[in-house]
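So the chains spell out like this:
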Amino acid sequence: HGEGSIGLISSRLSLEGPIIKDKTSFIVSARRTYIDLLARPLIKAAAKSQGSELVAGYYFYDLNAKANYEIDDKNKVYISGYFGRDKFYLNAKESYNGDTYKSKVNFGWGNATGTARWNHIVNPKLFSNTSLIYSFYELAIKAEEEENGDALFSLRYGSGIRDFSLKQDFD
């Protein structure tokens, strides 16, 4: 089954169900804000009243997913993941004394993670979880400005952290 909602600044959707009855199931959910789309006409009108053209906004989106599979009474496998991004953007055009200036700025950051886990029941008093985990964080900045079609400057910066882990737990 699924469910979703539409709000004033964001929407979300979630779906879940069996893949193989009593053996495998899944759940997926996603959301996105859209305040950038709603605010765009207001930002554009305010900039126009000041004599410039401007498109700017901020939004984020993310996705979660999980699936599990029962191999037998003593072994289960789970796979899960998350992916999310935040984005800010600005495109401006202004004229001064006959010269036209265009500026673009994009600023984004986000995370991605994935986990594969094996749950094994050794005996009624002992079970283990073996997990393989991946995570990634990224930041990206891009800015450009031009005057009368000639580039004044261009900046690109990116940074990220990537991590892999193997984890074993007994309980």
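Residues numbered from 1 in each chain as written. Predicted model: local features only at pLDDT ≥ 70, side-chain atom pairs only at ≥ 80, totals over all residues. Heavy atoms only, no water.

*Asks:* Give me the lowdown on the packing of aromatic side chains, citing residues and values where you can.
*Replies:* For the structure shown, the criterion picks out seven aromatic pairs. Here Tyr59 and Tyr61 contribute two aromatic rings whose centre-to-centre distance is 6.3 Å and whose plane-to-plane angle is 20°, an arrangement assigned as stacked. Residue classification places Tyr59 among the buried residues on the basis of a relative accessible area of 14%. Looking at Tyr61, the relative accessible area reads 26%, which means it is partly exposed. Between Tyr96 and Tyr101 the ring centres are 6.0 Å apart and the planes differ by 55°, which places this aromatic pair in the tilted class. Its relative accessible area of 47% is what places Tyr96 among the partly exposed residues. (Phe/Tyr/Trp six-rings, centres within 6.5 Å; stacked < 30°, edge-to-face > 60°. Buried < 20%, exposed > 50% of the residue type's maximum accessible area, 1.4 Å probe, protein only.)

*Asks:* Can you tell me about the environment of Gly84, naming the residues and giving the values?
*Replies:* Along the polypeptide, Gly84 turns up in strand β5 (residues 75–96). Taking the C-alpha atoms as reference points, Gly84 and Lys125, 41 residues apart in sequence, are found 38 Å from one another. (Helix = DSSP H or I, 4+ residues; strand = E, 2+ residues; numbered from the N terminus.)

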